[in-house]
Amino acid sequence: MLFGRKKRKPITIPSKQVKEWKYTTCNYCSTGCSIEIGLSEDKKIVTTRGHAGADVNRGKLCIKGLLEHELFESPGRGTEPLSREKHFEKLEKTTWDNALDTTASKIKEIQEKYGKDAFAVISTGQLVTEEFYTLGKLTRGCIGTNNYDGNTTLCMASAVSGYKRTFGLDGPPGCYEDFEHTHCLMAFGSNLPEQHPIIYWRLKEALEKRKFPLIVVDPRVTMFAQFADIHLPITPGTDCVLINAMMFVIINEGLQDQAYIDASTQGFDEVKALVQDYDPKTAQHICGIDEDTIRNVARIYAKAPSAMSIWTMGINQSTHGSDGVANINNLNLITGNIGIPGGTSLSITGQCNAMGTREWSSCSGLPGYRYLENEDERQEIADYWGIDVDFLPKKRGLAQTDIFPAIETGEIKGLWLVATNPMTSMPNTSRIRKMLEKLEFLVVQDVYEDVETNQYSHVYFPASVWAEKQGCHTNTERRVNLIDNVLPPYANSKPDFWIFNQMAKRFENSKTMSFPDEPEGAFNEMKELSKGTHNGRPRTLDISGMSYEKIIKARGIQWPYREEDGQSTSLKGTQRLYSDGVFPTKSGKANLLPIKFYNNNEQPCGEYPFWLNSGRVVEHFHTRTRTGKIGNCNKFSPTAYMEMNPDAAADLGITHQSYVRLTSRRGDAVVLVQLTQRVPRNMVFVPFHYHDCVNRLTLGLLDPHSRQPAFKQCSVRIEHVDQAEAAKLNVERRTY
Ligand code: SF4
C-alpha cells in the first residue's frame, strides 16, 4: 500500500496495425526528434516511431516521443470555449465568437481604463513558430501592449542573455555533430540522459567510437554524473567561481589561444585581471572543488585540440545565470573553442520550440532577433506589417517574471496565458495564486481545460494539440523542422494560429495588416524578414532558402540557410556559427566579460538546514499537463518524491519510502522519501513537475540580466508527518 493504491493497473503496449506513416516532429523537448505517426486502416492513430532517416534521432525516440500519439485523445482535453463572469463561478460552454468577442472587448476596456500596458500576454515555448510570429504581430501590432513575454523566461532567458552579451546575438553556435569531433566535453548543470535522452544517445554513440574525457559539473550525482570520467560536485550557485579558477590556471600557465583572442575577441585584459582573484587555493573553499581537481580539469580542457561545453538549467536557473553563460563563453573563447568542429558553447534548450519563440515571437523585441530599442528596426517592421511606427514601444516591457508582481501591485489588470501553467511552474505558488485571483480578466488558452491555472480564468480557449496543427520548430542546434497536421483538431478545439488570426480581426490595426490564413503564409513572411544585413554583415538568422517541402525532405535544416543556398541542391544548412571568427557585434569581435561572483542566494541555516534542488525526470515534461495524462509515462513516475542522503535521514529518524513534510519560508509540501547517495548530506532533490509540490517552497530570486528565477537554490527543513494522512493526500493528488 505504498502509494495508498490497492490494485495495480496493467502496463499496456500500443497495438501496431499501421496502414500509413505520417511525418512530424516531437513536441516535447528541444532535441527535435523526427517522428512518424502510424495510422490504421480507419485513419485512427495507433503508434509512433522515430524517423530512421532524420539526422537528429536516427530512428530513436525517448519514452515521451514513443507515447506521444496518446496525446490526441488524452483525458482533460478542452472541447469547447468556456466563459464565466467571476473566477469562482462555474465555467459555462460558449461559442468561439462569444469567447473571442468577450476577450477582445475586455482587453480594450482594460486598456482604455488603465492604459495599454495594463493588459499582459504570456506565451510559451510549445507553439509552432508561425503561431509565435502571428501572436507577436497581434500583440505588438494590434493589441499594443508592451507587457508581453514567454514562459521561456523560466528556462532559457539566461542562455539568450549570455549569448547576446558575448556574441551580440542569440543562437547556439554549435551542433550535435560536435560530439563526434570534440576531445573534451564539459557539462554544467545538465542531466542529459534524463532531460534530453536522444542528445545523450548521440553523445554516447560518439564516445563509443572515440573516447574523450567527459566532465560533469553538478551538485547532485545525476545519471549523467555517474557516467562521467570526472564529476565535480559543486556547491550550488558557484559555477562562476569554478570557471574563473579554471581561467586563472589557463591564463597563468599560458594555455590560452592568444592568436584567437587577439583576432576575434575584446576584453581579455579585464578578464585576465579579474581571474587573479580566483586562485584555485581560494576558490576551492567557495565552489567546493579541491584545488588539484580545478587545475587538472582546466589543463585537460585547455590542452584538448577541441573542447566543448554544454549546459541546461543548473546554469540558467540561477541569480547569475546570464553571468554563468557569459563565463562559459569566456572559457571557450580564450581556448579558441568557438565555431570549430568539436569546440563550442552549446546551450541545450528546454522546450521543443523555445528557439522558435526566441527567433520570431517578438516577445523581447521584434521578429528575427530585431530590437525595439533600434529605431531602424522598428521602422522596418512597422513598414512590413503596415502599421504606424509610433504604435511600437521604444523599449522592451516587463519580462514574464516581472509581469506577475505587477499584477500584485495593480499595474496589470488583465492577462492572456497561452500554453503555460504558472500555477505549477512559477516559484512560490501561494503568491501566484493570489495574483491570479486579483486579475480583472484572465484568458487561458490551452490544449487541456483541467490545466491548474484554468481555475482562475474568465474565458478558456481550447487549443489543438501538436500534430493537429502545421508549422515549424527550431531545435537546440538551430534546425528548423516541420510539424505536419496528421489529424483534424479535436472536438471544437482550434489551432492557436486560427485563434490569433480571429482575435486580430477584432482590432483596428488589422485592417491595414496582413494575417495569412495558412501557417505557410506566415512562414513566407518570416523568410522575407530574415534576409538582409545586421551591423553591415548578412543576417545570421536567415531562413530565406527554406520551404516546407525542403524541410521535410531534409528532415530539418539548420539556419542560416540563405536564398542562394535554397537555389543549390544542398539541404544541409549551416552546422556552426562564427567559424570565421567574426561575430555579429559592432566591432565584429566577441566580448570577453569579467564575471565577478556574488553570493545572494538563500543558504541553508540552522532553521532550514538543507539545500533544495529541483529538476526533471525522463517520463515527464514540465508541469505534466500532457505526460500526466499518458498512462505509461505517469505509471513510471506517478508521484512526487524527494531524494535524501541516508546519513542525513538517519540523523532525523527518517526511513526510505516514508512521507515527510518539507517546509521553506514560503510554504510546505508533502513528499515520499527516496534514500540515495545521489545527493549530499545537506541537500534534497524533488522533481519540479508536480502541482502543489516543489514550487510551493521555492524562492525564485531573479537574475538581473535575464530575469530568470533561481529555482535551484533555496533552503528547507524536513519534518515528520502522519503516514496514513500523507498516503491519502497522495492518492487524491494522483487522480489527475
Ligand atoms: S528526446 Fe525530446 S524530442 Fe526526442 S522523443 Fe524525447 S522528448 Fe521528443
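Below or above, wherever it landed, is the structure these notes cover.

Conventions and cut-offs
Residues numbered from 1 in each chain as written. Predicted model: local features only at pLDDT ≥ 70, side-chain atom pairs only at ≥ 80, totals over all residues. Heavy atoms only, no water. Near = heavy atom within 4 Å. Helix = DSSP H or I, 4+ residues; strand = E, 2+ residues; numbered from the N terminus. Nonpolar A, V, L, I, M, F, W, Y, C, P; charged D, E, K, R; others polar. Phe/Tyr/Trp six-rings, centres within 6.5 Å; stacked < 30°, edge-to-face > 60°. Buried < 20%, exposed > 50% of the residue type's maximum accessible area, 1.4 Å probe, protein only. Lys NZ or Arg CZ within 6 Å of the ring centre and 35° of its normal. 1 Å grid on protein atoms, 1.4 Å probe; cavity = no way out; pocket = protein on both sides within 12 Å on 5 of 7 lines; lining within 4 Å. Points joined across faces, edges and corners; volume = space filled by probe spheres on them. Pairing = 2+ DSSP bridges. Salt bridge = Lys/Arg side-chain N within 4 Å of Asp/Glu carboxyl O.

1. Notes on the site of the ligand
Inference 1: Close to the ligand lie Cys26, Tyr28, Cys29, Thr31, Gly32, Cys33, Leu61, Cys62, Lys64, Gly65, Pro197 and Ile198, which account for all nearby residues.
Inference 2: Those elements that provide at least two residues to the shell around the ligand are helix 1 (63-66) and helix 6 (197-209).
Inference 3: For the shell around the ligand, a count of residues per class yields 8 nonpolar, 3 polar and 1 charged.

2. So, the packing of aromatic side chains
Aromatic rings considered in pairs are described by the distance between their centres and by the relative angle of their planes.
Inference 1: According to the stated counting rule, one finds 17 aromatic pairs in the structure shown.
Inference 2: With 6.1 Å between their ring centres and 70° between their planes, tyrosine 369 and tryptophan 559 make a pair best called edge-to-face. Taken together, the positions of tyrosine 369 in the loop between helix 15 (354-360) and helix 16 (375-385) and tryptophan 559 in the loop between strand 21 (557-558) and helix 23 (563-567) put the pair 190 residues apart, joining distant regions of the chain. Across this residue pair, the class does not change: tyrosine 369 and tryptophan 559 are buried.
Inference 3: Connected via pairs of aromatic rings, a cluster forms that spans Trp96, Trp416, Phe461, Trp498 and Phe500.
Inference 4: For the cation-ring pair, arginine 220 lies above phenylalanine 685, with the distance from its terminal atom to the ring centre recorded as 3.5 Å.

3. Regarding empty space enclosed by the protein
Inference 1: Counted according to the given criterion, the structure contains 4 cavities of 30 Å³ or more.
Inference 2: Looking at the second largest cavity, its volume works out to about 90 Å³.
Inference 3: As for the second largest cavity, its lining consists of Cys26, Tyr28, Cys29, Thr31, Gly32, Cys33, Leu61, Cys62, Lys64, Gly65 and Ile198.
Inference 4: Partitioned by chemical class, the residues of the lining of the second largest cavity number 7 nonpolar, 3 polar and 1 charged.

4. Here's the deal with the pairing of strand 24 (residues 641-644)
Inference 1: Neither face of strand 24 is exposed, since Tyr641 and Glu643 on one face and Met642 and Met644 on the opposite face are all buried.
Inference 2: Of the strand pairs in this sheet, strand 24 and strand 26 (residues 668-675) are connected by 4 bridges, and their pairing is parallel. Each bridged residue has a counterpart across the sheet, and for glutamate 643 the counterpart in strand 26 is glutamine 674.
Inference 3: By the bridge criterion, 2 bridges tie strand 24 to strand 27 (residues 683-687) in an arrangement that is antiparallel. Bridging across to strand 27, glutamate 643 finds its partner in phenylalanine 685.

5. Thoughts on the pattern of salt bridges
Inference 1: Scanning all chains against the criterion turns up 44 salt bridges.
Inference 2: The residue glutamate 253 makes a salt bridge to arginine 299 at a minimum N-O spacing of 2.7 Å. Residue glutamate 253 is located in the loop between helix 8 (239-252) and helix 9 (258-264), and its partner arginine 299 is located in helix 12 (residues 291-303); the two are separated by 46 residues in the primary sequence.
Inference 3: Residue arginine 299 is classed as partly exposed on the basis of its relative accessible area, which comes to 30%.
Inference 4: Arginine 696 serves as the salt-bridge partner of aspartate 668, at 3.0 Å between the closest nitrogen and oxygen. Here the residue aspartate 668 occupies a position in strand 26, and arginine 696 occupies one in the loop between strand 27 and strand 28 (714-720), the gap between them amounting to 28 residues.
Inference 5: Residues joined by salt bridges that share partners form a network here, namely Asp55, Arg58, Glu180, Arg202, Glu205, Glu477 and Arg479.

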